[in-house]
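# Results of the structural survey
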Amino acid sequence: MTTIYLSLGSNMGDRAQQLARAVELLGQTAGIRVMRVSSIYETAPVGSVAQDDFYNICVVADTTLTPQEVLAVCQSIEQELARVRRIHWGPRTIDLDILMVDDYVIDEPNLQVPHPFMLERSFVLIPLNEIAADAVHPVAKKRIDELVYDDPEVRKL
Ligand SMILES: Nc1nc2nc(S)n(CCO)c2c(=O)[nH]1
């Protein structure tokens, strides 16, 4: 059994409903037990594409699946919720990113763990700190509550 830390985001359609449905689908997946779900945060879009504000959450789950199997589950949930990725870094119905898997460091063509951008994303660190403050980033060797920083553009609903 390993512990996985996920970031979920949506900025198209009923954002809260998309997030709730994604968490429901995660919980219905064999081999995944959702343990904690953060509050919803409204967040300013990061990246070069002008788009609507996101709703972001983080999820902690226990799993018997491999990281690659978890990635496949995330991708299938994105498809199920009809994620339409027209523009890279553009609007999306739902986005599920694997942040950490225990203390694993993975560098595969389709999967980098810890997530390469998580330390510079307040829309990840602030929700993650709410539910996993004592989790340790396996490369930075610091707790999430040592890595998190304030950002007025990340607003708890
Ligand atoms: N605030 C915010 N900005 C984002 N830019 C991208 S791309 N994404 C998708 C996650 O990689 C987000 C997001 O989830 N939230």
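Residues numbered from 1 in each chain as written. Predicted model: local features only at pLDDT ≥ 70, side-chain atom pairs only at ≥ 80, totals over all residues. Heavy atoms only, no water.

Under the annotation held in an unreviewed UniProt entry, the protein carries the name 2-amino-4-hydroxy-6-hydroxymethyldihydropteridine diphosphokinase and is attributed to Macrococcus equipercicus. Looking at the protein in UniProt, the text filed under Pathway (unreviewed entry) is "Cofactor biosynthesis; tetrahydrofolate biosynthesis; 2-amino-4-hydroxy-6-hydroxymethyl-7,8-dihydropteridine diphosphate from 7,8-dihydroneopterin triphosphate: step 4/4." For the protein, the Catalytic activity (unreviewed entry) comment in UniProt is given as "6-hydroxymethyl-7,8-dihydropterin + ATP = (7,8-dihydropterin-6-yl)methyl diphosphate + AMP + H(+)". (UniProt positions renumbered as here; feature names shortened; annotations may be inferred.)

### Quick look at the site of the ligand
Close to the ligand lie twelve residues, the nearest being Thr 43, Ala 44, Val 46, Asn 56 and Arg 121. Measuring from a nitrogen atom of the ligand, one finds a side-chain N or O atom of Thr 43 at 2.8 Å. Here an oxygen atom of the ligand sits 3.2 Å away from a polar atom, N or O, in the side chain of Arg 121. Against a free-state accessible area of 360 Å², the protein chains account for coverage of 96% of the ligand. Mapped onto the shell around the ligand, the elements with two or more residues apiece are β4 (54-63) and β5 (95-101). Of the residues contributing to the shell around the ligand, the split by class is six nonpolar, two polar and four charged. (Near = heavy atom within 4 Å. Polar contact = N/O pair within 3.5 Å; in protein donor to acceptor, adjacent residues only side chain to side chain. Areas by Shrake-Rupley, 256 points an atom, 1.4 Å probe, with all protein chains shown as cover. Helix = DSSP H or I, 4+ residues; strand = E, 2+ residues; numbered from the N terminus. Nonpolar A, V, L, I, M, F, W, Y, C, P; charged D, E, K, R; others polar.)

### Here's the deal with the packing of aromatic side chains
Applying the stated rule across the entire model yields zero aromatic pairs. A cation over an aromatic ring shows up here: Arg 15 above the ring of Tyr 55, its NZ or CZ 3.9 Å from the ring centre. (Phe/Tyr/Trp six-rings, centres within 6.5 Å; stacked < 30°, edge-to-face > 60°. Lys NZ or Arg CZ within 6 Å of the ring centre and 35° of its normal.)

### Some remarks on the side chain of His 115
Mapped onto the secondary structure, His 115 falls in the loop between β7 (111-113) and α3 (122-132). The class of His 115 is buried, set by a relative accessible area of 14%. (Buried < 20%, exposed > 50% of the residue type's maximum accessible area, 1.4 Å probe, protein only.)

### Some remarks on the nonpolar core
Leu 6, Leu 8, Leu 26, Ile 77, Leu 96 and Ile 98 are the most contacted members of the largest nonpolar core, which totals 27 residues. With residues near it in sequence (within four places) discarded, Leu 26 still touches Leu 6, Ile 32, Val 34, Val 73, Ile 77 and Leu 96. With 18 residues, the next largest nonpolar core counts Tyr 41, Met 118, Val 124 and Ile 131 among its residues. (Core = buried A, V, L, I, M, F, W, Y, C linked by side-chain atoms within 4.5 Å. Contact = heavy atoms within 4.5 Å.)

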